[in-house]
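Reading the structure
Residues per chain are reported as follows:
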Amino acid sequence: MEKGVKGKFITFEGAEGSGKSTQAQMVCKYLESLNKPVQHIREPGGVKISESIRRILLNVNNTRMTDECETLLYMAARGQLVGEVILPELKKGTIVLSDRYLDSTIVYQGYGNGVDVSTIETIGAFATKGLMPDFTFIFDIDAEKGLSRTGRTKDRIELRSLNYHKKVRKGYLELAKAYPERIVLIEVDKSKEEIFEIVREHINKILGL
Ligand SMILES: Nc1ncnc2c1ncn2[C@@H]1O[C@H](COP(=O)(O)OP(=O)(O)O)[C@@H](O)[C@H]1O
Ligand SMILES: [Mg+2]
């Protein structure tokens, strides 16, 4: 990990429609209300170059994309975002909230597509200069229920089979078990507000509020 990082890096993970963006937005508003320096970004994307890569990744016409190309494009988008925004902001002391990060590639390309997970970790460490989140929320929802909450026009990844999305969910559960000190798993069986109360308790603890 790079030296001189003063802020906190918190990531929001989970299947499609699990409520990542909803909770990240609520956390962002909460921290803004306390006058904390906070920035909310999304992956893939967040900066111009990475948003261009996002369009390639999610374009439903790119049916011929190989697993290797897909994995490397996610990493390229992430590398740009880390270098251009996340690391500079963390060095300034900002609390950076990211909708998805490296865990998503491990789960979607690794567990979902069968790309070797240790290879993903190796290229992930290169792309991110070794930057890992201080804390990660994983929102756990039944794959079918989550998908039914996404919009009507599905992107290239959302269009994949239910079986694929079940593998993604299983991957997230395994990650949560493997890294209990970094990851908290939250069941999405309550209202947004009730889930936010749980999320806020963790945020307060992480930030010493
Ligand atoms: N706890 C919840 N209960 C019911 N609906 C929710 C809950 N959290 C989020 N939603 C709704 O589900 C949809 C997907 O949520 P979103 O935050 O966009 O998920 P993600 O970013 O994980 O894909 C949105 O319409 C959102 O308002
Ligand atoms: Mg979202």
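Please refer to the structure placed before this passage.
These figures come from a predicted structure and were not determined experimentally. (Residues numbered from 1 in each chain as written. Chains lettered and ligands numbered in written order. Predicted model: local features only at pLDDT ≥ 70, side-chain atom pairs only at ≥ 80, totals over all residues. Heavy atoms only, no water.)

1. A look at unusual backbone geometry
- Following Glu-43, the chain continues into Pro-44 via a peptide bond in cis, with omega recorded as -15°.
- By the element assignment, Pro-44 lies in the loop between strand E2 (38-42) and helix H2 (48-58).
- Phi at Arg-100 is positive, roughly 80°, even though this residue is not glycine.
- With respect to the element layout, Arg-100 can be found in the loop between strand E3 (95-99) and helix H4 (102-112).
- On the basis of relative accessibility, which here comes to 12%, the residue Arg-100 falls in the buried class.
- One non-glycine residue, Lys-129, lies in positive phi territory at about 55°.
- Here Lys-129 lies in the loop between helix H5 (117-127) and strand E4 (135-140). (Helix = DSSP H or I, 4+ residues; strand = E, 2+ residues; numbered from the N terminus. Buried < 20%, exposed > 50% of the residue type's maximum accessible area, 1.4 Å probe, protein only.)

2. Focus: the packing of H4 against helix H7 (residues 162-178)
- Interhelical geometry of H4 versus H7 gives an angle of 130° and a closest axis separation of 8 Å. Compared by their axis directions, H4 and H7 come out oblique. The interaxial crossing formed by H4 with H7 has right-handed handedness. The segment H4 lies against H7, with Asp-103, Ser-104, Ile-106, Val-107, Tyr-108, Gln-109, Tyr-111 and Gly-112 engaging Tyr-164, Lys-167, Val-168, Gly-171, Tyr-172, Glu-174 and Leu-175. (Axes fitted to C-alpha atoms, helices over the stretch in contact; angles between N-to-C directions. Parallel < 35°, antiparallel > 145°, perpendicular 65-115°, else oblique. Left-handed = near helix turned anticlockwise from the far one by under 90°. Contact = heavy atoms within 4.5 Å.)

3. Brief notes about the environment of Pro-133
- Inspection of the secondary structure puts Pro-133 in the loop between H5 and E4.
- When the C-alpha atoms of Pro-133 and Ile-183 are compared, they prove to be 9.4 Å apart, with 50 residues separating the residues in sequence.
- When near neighbours in sequence (up to four residues on either side) are disregarded, Pro-133 contacts Phe-9, Thr-11, Tyr-101 and Arg-182.

4. Examining the layout of surface pockets
- The calculated volume of the largest pocket comes to roughly 710 Å³.
- As for the largest pocket, its lining consists of 34 residues, and the residues nearest its centre are Glu-16, Gly-17, Lys-20, Ser-21 and Arg-100.
- Looking at the lining of the largest pocket, the elements that each hand over two or more residues are helix H1 (20-33), E2, H2, helix H3 (67-92), H4 and helix H8 (192-207).
- Among the elements that line the lining of the largest pocket, the one with the most residues is H1, at five residues.
- Tallied by class, the residues present in the lining of the largest pocket amount to eight nonpolar, 13 polar and 13 charged. (1 Å grid on protein atoms, 1.4 Å probe; cavity = no way out; pocket = protein on both sides within 12 Å on 5 of 7 lines; lining within 4 Å. Points joined across faces, edges and corners; volume = space filled by probe spheres on them. Nonpolar A, V, L, I, M, F, W, Y, C, P; charged D, E, K, R; others polar.)

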